Amino acid sequence: MDYKVIFTKNQLKSILNILDQLKTKTTFVNIKKIVYYKKEAELHITNNDDSIIIFDLTKDISTQVEKLNIFYKKYQNDIKAWIYYVDLRINEKLIYCKNETKKSCEENYTSIYGK
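Residues numbered from 1 in each chain as written. Predicted model: local features only at pLDDT ≥ 70, side-chain atom pairs only at ≥ 80, totals over all residues. Heavy atoms only, no water.

Chemist: How should I be thinking about the nonpolar core in this particular structure?
Modeler: Generally speaking, soluble globular proteins have nonpolar side chains that are buried together. Ranked by internal contacts, the top residues of the largest apolar core, which has 20 residues, are Ile18, Leu22, Leu43, Ile53, Phe55 and Leu68. Listed by contribution, the elements that provide at least two residues to this core are α1 (9-25), β2 (42-47), β3 (52-56), α2 (61-74) and β4 (83-87). The biggest single contributor to this core is α2, with five residues. Those residues within four positions of isoleucine 18 in sequence are excluded, and the remaining contacts are Leu43, Ile45, Phe55, Leu57 and Ile61. Counting residues in each nonpolar core, the second largest holds nine residues, with Ile52, Ile54, Tyr84 and Cys105 among its members. (Core = buried A, V, L, I, M, F, W, Y, C linked by side-chain atoms within 4.5 Å. Buried < 20%, exposed > 50% of the residue type's maximum accessible area, 1.4 Å probe, protein only. Helix = DSSP H or I, 4+ residues; strand = E, 2+ residues; numbered from the N terminus. Contact = heavy atoms within 4.5 Å.)

Chemist: Please explain the pattern of salt bridges as it appears in this structure.
Modeler: Opposite charge on two side chains permits pairing when their charged atoms draw close. Scanning the entire structure with this criterion turns up five salt bridges. Of the charged contacts in the structure, one is a salt bridge between lysine 59 and aspartate 56, with a shortest N-O distance of 3.8 Å. The salt bridge involving arginine 89 is made with aspartate 87; its shortest N-O contact spans 2.5 Å. Each of Glu42, Asp87 and Arg89 takes part in a single network of salt bridges with overlapping partners. (Salt bridge = Lys/Arg side-chain N within 4 Å of Asp/Glu carboxyl O.)

Remember, this is a structural readout, not a statement about activity or role.
See below:
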């Protein structure tokens, strides 16, 4: 029988770690959909409000969740109405795309990841 490796053991640990930390360390993430991108080693989580949270499976998960928490706490009153995606992949930075520029953000996102 031929088997294919979808993700490595470390990537699986990272995915489970993300899910656990989102459940235990946040109150604002309600997962609607999860998409794994093998080539990029990324996990994209779509929240119930349709915002997308982008994680890098090769980097420290706790740091990424901490950045997300800081961001959500700072903008908690407005965030659901105006965030298209939050990108946690870059060290020492958090990149987000506002809904007011959603069309160009969607085009960029689709050009990178497909529909």
